[in-house]
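# Summary of structural features
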Amino acid sequence: MQWTDQIRNVKILLVVAAVVIAVASLVVSHFLVRDLAIEERNRMEIWAAAMSSLNSPDENTDMALVLKVIEGNNTIPVVVRDMNGDVQTFRNVKLEGRTLDDSLKCAAHEAERMFASGRYIRISLDDTGVAGDYIEVCYDESLMIKRLNVYPYVQLGVVMIFVVVAIFALLTSKRAEQNKVWVGLSKETAHQLGTPISSLMAWTEILKETYPDDALLPEMDKDVKRLQLIAERFSKIGSLPEPVPSSLVEVMDHVVDYMDRRTSQKVQMIRNFPDHDVIVKINASLFEWVIENLCKNAVDAMGGAGTITLTIIDSRIGERGARSESGKASGFVAIEVSDTGKGIRKKDLKNVFKPGFTTKKRGWGLGLSLAKRIVEEYHKGRIYVKSSEVGHGTTFRIELQKQV
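Owing to the predicted nature of the structure, the values given are computational and were not obtained by experimental measurement.

### Observations concerning the overall build of the protein
- Secondary structure summary: the protein contains 8 helices and 11 strands in total.
- Of all 404 residues assigned to the protein, the portion counted as buried reaches 35%.
- In the protein, once contacts between residues fewer than 6 apart in sequence are set aside, the share between residues at least 24 apart is 67%.
- When the accessible surface of the protein is totalled, it reaches about 25,100 Å², and 58% of it is carbon and sulfur.

Rendered as structure tokens:
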């Protein structure tokens, strides 16, 4: 559990760091755009002064310099209009009009938009300074500033995509590495169990011949076969066992009988199975292990005293119109394992199937993770926590597809 919390804390720190970087980028971009906007306004004031000199020249006016200033604006869109709102000239403005009148109307519309946004400079044409004739130089942001306004968001979007892809690749690589470790560990465990199990089987046969009437020998034989079954399960973790049609009721009965003999009498196991047989394609050995794992977790959650209810739900999806690839009506079978234990906290529900997560003082946190893999990868089903309430118990649900 501590390992899972540490991973969660690292993720939170990474998200906070990403947010800080994003905010810092936006702030820097904002100040940069603001400074450029001030610089462009200063340029437009000089340009407006040149237009004033062009409209009211005197003997001291250097027309070459005035024209050079006016012609030097190749980036900032500008529209000059008189006091009546008529367009006098425009520059760097894209107009869609086909005729001169249409172009002037479009330019007048652009000038009004620029004026409404506060980007204009009013220049009086009267040397006395008394209100009289004037022109308005309306301008817009240059293409560079517009791009700088959008650039930080594009940059952040690219960075986020890169981060998401990197995290996905990292998690995929990590998951593949974990799978290899689990497969290797499972096969090595099965291999190591093989020799002592074979020896125990031989000793059991010798004891049967020596003490044929001993009542304990059949129980010992069952336990040895149980160890053999466990070794077989571990050996199949790394392979893709072929599911075969099996009786789900028989599989569940076998699990209940096994758990009933090996748990306290304070643990009551209730079977809610249908009267008819339910045939599904499963690997009985691995699927029994999944149910056993859920039952053992339930016993631990109840502290060795309580009720475990196992339910088989045979629901026909075909009755609602669903069809399988073969054209036959398809259905699903649900298995629910409920207990009266301490329950699972809401914040831990999303972590119960993650490797390493456990609420036990002694535990590896691999049982439910392997159970999920067996159900979803080997049997193409689904396993999840249907409900859980702290102090009242938990219900796990498994859903398997079937043909009916």
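### Overview of the confidence of the model for the protein
- Per-residue pLDDT for the protein has a mean of 80; in total, 83% of the residues score no lower than 70.
- Across residues 317–329, where pLDDT falls below 50, the model places 19 contacts with residues more than four positions away in sequence or in other chains.

### Some remarks on helix α6 (residues 248–261)
- Between the first and last C-alpha of α6 there are 20 Å, a value that for 14 residues agrees with the 20 Å anticipated at 1.5 Å per step.
- What α6 keeps buried is the set L248, V249, V251, M252, V255, V256, Y258 and M259.

### Quick notes on the pattern of salt bridges
- The tally for this structure, following the rule as stated, stands at 24 salt bridges.
- Salt-bridge contacts for K225 lead to D221; the nearest nitrogen and oxygen are separated by 3.4 Å. Remark: D221 and K225 occur in helix α5 (residues 217–237); sequence separation between them is 4 residues, near one turn of the helix.
- A relative accessible area of 15% places D221 in the buried class.
- A single salt-bridge network, built from bridges that share partners, covers E110, R113, R119, D140, E141 and K146.

### Topic: the packing of aromatic side chains
- Counting across every chain of the model gives 2 aromatic pairs.
- When the centroid spacing of 6.1 Å and the interplanar angle of 85 degrees are considered together, the rings of F353 and F396 count as edge-to-face. Of this pair, F353 sits in the loop between β9 (330–339) and α8 (367–378) while F396 sits in strand β11 (residues 393–403), and the two are 43 residues apart along the sequence.
- Taking the relative accessible area as the measure of exposure, F353 reaches 14% and is therefore buried.
- For the cation-ring pair, R122 lies above Y134, with the distance from its terminal atom to the ring centre recorded as 4.5 Å.
- If you follow K372 out to its NZ or CZ, it ends over the ring of F353, 5.1 Å from the centre.

What counts, and where the lines are drawn
- Residues numbered from 1 in each chain as written.
- Predicted model: local features only at pLDDT ≥ 70, side-chain atom pairs only at ≥ 80, totals over all residues.
- Heavy atoms only, no water.
- Helix = DSSP H or I, 4+ residues; strand = E, 2+ residues; numbered from the N terminus.
- Buried < 20%, exposed > 50% of the residue type's maximum accessible area, 1.4 Å probe, protein only.
- Contact = heavy atoms within 4.5 Å.
- Areas by Shrake-Rupley, 256 points an atom, 1.4 Å probe, with all protein chains shown as cover.
- pLDDT = per-residue confidence, 0-100.
- Expected span 1.5 Å × (residues − 1).
- Salt bridge = Lys/Arg side-chain N within 4 Å of Asp/Glu carboxyl O.
- Phe/Tyr/Trp six-rings, centres within 6.5 Å; stacked < 30°, edge-to-face > 60°.
- Lys NZ or Arg CZ within 6 Å of the ring centre and 35° of its normal.

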